[in-house]
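# Results of the structural survey
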Amino acid sequence: MSEAQNAFRKRGKKHFFGAQHHAKRWRGSRELEVGMQGILITCSMNQRKCAAEAFNLLSEYADKLYGPEKLTLTTCDFSAGGQFEEEAGECSEGENAKEEVDVEDALKKEVAQLRAGGGRQERRFQALDSGANNVIFIRTRNLESDKLVHHILSDLHATKKKKTRVILRMLPVTGTCKAFPEDMMRYMSTFLEPWFKKPNHATYQIAFKARNNSHNKRDDVIKAIAGLVGKLNPKNKVNLTQPDLTIILEVIKSVCCVSVVREYTRYRKYNLQEVVKDEEPKKEDAAKDAAKDGQGAATEPALAGGREALGKEEDAAAATQPALAGGSQAPEKEEDAAATQPALAGGSQAPEKEEDDAATQSAVVGGSAEEMQLAEEHLQEQSAMDDQQNKAEGDGE
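Given the structure is predicted, the values throughout are model-derived calculations rather than measurements.

We now examine the overall build of the protein chain. A count of helical and extended segments in the protein chain gives 11 helices and 11 strands. Split into buried and exposed, the 397 residues of the protein chain put 28% on the buried side. The contacts in the protein chain between residues at least 6 apart in sequence include a share of 74% that link residues at least 24 apart.

Looking now at the pattern of salt bridges. In total, this model carries 11 salt bridges according to the counting rule given. Residues D63 and R124 are paired through a salt bridge, measuring 3.3 Å at the closest nitrogen-oxygen approach. Placement of D63 in helix α3 (residues 47-66) and of R124 in the loop between α4 (103-116) and β4 (125-129) is noted, with a sequence separation of 61 residues between them. Between E274 and K277 there is a salt bridge, with the nearest N and O atoms lying 3.2 Å from each other. What makes E274 partly exposed here is its relative accessible area of 28%. Exposure remark for K277: the relative accessible area of 43% places this residue in the partly exposed category. Put simply, E60, K64 and K163 are held in one network by salt bridges that share partners.

Here we take up the pairing of strand β8 (residues 203-211). Pairing between β8 and strand β9 (residues 237-238): 2 bridges, direction parallel. Paired with T203 across the two strands is K237, which belongs to β9. The parallel pair β8 and β9, bridged by helix α8 (residues 218-232), forms a crossover whose chirality is right-handed. Here β8 runs beside strand β10 (residues 245-252); their pairing, made up of 8 bridges, is parallel. What sits directly across from Q205, in β10, is T246.

Turning our attention to the layout of surface pockets. Quantified by volume, the second largest pocket comes out at close to 320 Å³. Lining the second largest pocket are 17 residues, with I206, A207, F208, R218 and K269 positioned closest to its centre. Of all the elements, β8 adds the most residues to the lining of the second largest pocket, at 6 residues. Classifying every residue of the lining of the second largest pocket by side-chain character gives 7 nonpolar, 2 polar and 8 charged.

Under the definition given, this model contains 5 aromatic pairs. Aromatic pair Y187 and F191: ring centres 5.6 Å apart, planes at 20°, arrangement stacked. Taken together, the positions of Y187 and F191, both in helix α6 (residues 181-191) and 4 residues apart, correspond to about one turn of that helix. Between Y264 and Y270, the aromatic rings sit 5.7 Å apart at their centres with planes inclined by 40°, giving tilted as the arrangement. Exposure class is identical for Y264 and Y270. Each is buried. Grouping aromatic residues by their ring pairs yields a cluster made of Y187, F191 and W195. Sitting over the face of the ring of Y61, K64 holds its NZ or CZ atom 4.9 Å from the ring centroid.

Here the focus is the packing of α3 against helix α5 (residues 145-159). Packing of α3 against α5 brings their axes to within 10 Å, and their N-to-C directions diverge by 100°. Classified by the angle their axes make, α3 and α5 are roughly perpendicular. Here L57, L58, Y61, A62 and L65 of α3 lie close against α5, whose contacting residues are L148, H151, I152, D155 and L156. Considered class by class, the residues forming the contact of α3 with α5 number 8 nonpolar, 1 polar and 1 charged.

With mixed pairing, the 5 strands of this open sheet are ordered in space as β7-β11-β10-β8-β9. Unpaired on one side and paired on the other, β7 (175-178) and β9 mark the two borders of the sheet. Contacts from α6 reach β7, β10 and β11 (255-262) within the one sheet, and its direction differs from that of β7 by about 155°. Against the sheet, α8 makes contact with β8 and β10, and its axis sits at roughly 150° relative to β8, the strand it touches most.

At their nearest, the axes of α6 and α8 sit 11 Å apart, and the two run at 30° to each other. As the angle between them shows, α6 and α8 are arranged roughly parallel. Handedness of the α6/α8 crossing: right-handed. The segment α6 lies against α8, with M184, M185, M188 and S189 engaging V221, A224, I225, L228 and L232.

Turning our eyes to something else, we now look at the nonpolar core. L40, I41, L58, L148, I152, M170 and Y270 are the most contacted members of the largest nonpolar core, which has 43 residues in total. Of all the elements in the fold, those that place two or more residues in this core are β1 (38-43), α3, β4, β5 (135-140), α5, β6 (167-173), β10 and β11. At 7 residues, α3 tops the list of elements feeding residues into this core. Judged by nonpolar contacts, the second largest core, of 24 residues, contains A179, F191, Y204 and I222.

Reading the values: the criteria
- Residues numbered from 1 in each chain as written.
- Predicted model: local features only at pLDDT ≥ 70, side-chain atom pairs only at ≥ 80, totals over all residues.
- Heavy atoms only, no water.
- Helix = DSSP H or I, 4+ residues; strand = E, 2+ residues; numbered from the N terminus.
- Buried < 20%, exposed > 50% of the residue type's maximum accessible area, 1.4 Å probe, protein only.
- Contact = heavy atoms within 4.5 Å.
- Salt bridge = Lys/Arg side-chain N within 4 Å of Asp/Glu carboxyl O.
- Pairing = 2+ DSSP bridges.
- Right-handed = clockwise from strand over helix to strand, strands pointing away.
- 1 Å grid on protein atoms, 1.4 Å probe; cavity = no way out; pocket = protein on both sides within 12 Å on 5 of 7 lines; lining within 4 Å.
- Points joined across faces, edges and corners; volume = space filled by probe spheres on them.
- Nonpolar A, V, L, I, M, F, W, Y, C, P; charged D, E, K, R; others polar.
- Phe/Tyr/Trp six-rings, centres within 6.5 Å; stacked < 30°, edge-to-face > 60°.
- Lys NZ or Arg CZ within 6 Å of the ring centre and 35° of its normal.
- Axes fitted to C-alpha atoms, helices over the stretch in contact; angles between N-to-C directions.
- Parallel < 35°, antiparallel > 145°, perpendicular 65-115°, else oblique.
- Left-handed = near helix turned anticlockwise from the far one by under 90°.
- Core = buried A, V, L, I, M, F, W, Y, C linked by side-chain atoms within 4.5 Å.

Structure (structure tokens):
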């Protein structure tokens, strides 16, 4: 095999792609860095479309709040042929363009003015690489990002008009610092003073999220920030349901993005897809609730009727108890009568005598001496008559 063939076979990526294979990634103002302010925007798998939607939405509401953006000429390269090489429409005609003078002189004056003025003027919104997938950072200048985002969400919540398809959440970034615990505590101690330092106080919650970073643990950061807020003013209280303020910490690589926002729970964690949905319960849930209410209303009369029936049964039972008591006494009387009938049928006159004796004894006890004599005589006569009667009965037999 010839040397030329061996050389062709050894060609690799460096030969076909040149120096791009080993070239370092360009770093500069196109990435998120410490000291920037802007808006973090999360999306669903389409960052280019997300950036386009973000520019349209932010420009629409920024023009309403701060007026239209004034575009001015930027530093342009003057070519040898006497023409300007414009940058994406950022160059425009100068003040002297309308004058009836030579075109070449007017262009030279414009170039001189731009170079004297310091060159290019930066735009109101600029898209930067955030350092995480499905997250873009829009750098803002000459405006307050927290007020702009709050205005957008309040309008979407009121109108319920969906204006984006790809954008999910839109979080303002009013401060950035290095994403190390010491640097974060040092920065947050001064950053949180306008909201939580005496005499200011409020209820709050902390929303923490880390991407492409393993130096900070969620629980440790939240405890440290909560302790810091408590030191600023003991009246600051944690409220996880309806807080007055929400402290947002978004860590991406070595940068920590911080902001303090209002109505975080009301606007569905600043989610543009959720904030436009109706807050009313679904039809199925409403039907289930109505069915439950109907069942409850139907069971109340039934329960009331059951109570009345039980009351009537108790009254009837109470009425039957005396009758049962009387019925229990009747058999006793009948048994006594059944027991006395045989005695009366087969017995002698002894019980009658005993009764007479008892009667006479009572009479003797309660009478005088004369009455006692008469009683004794009466007893004697009675005994004589009894003897005679017994003799007659004996003879008859």
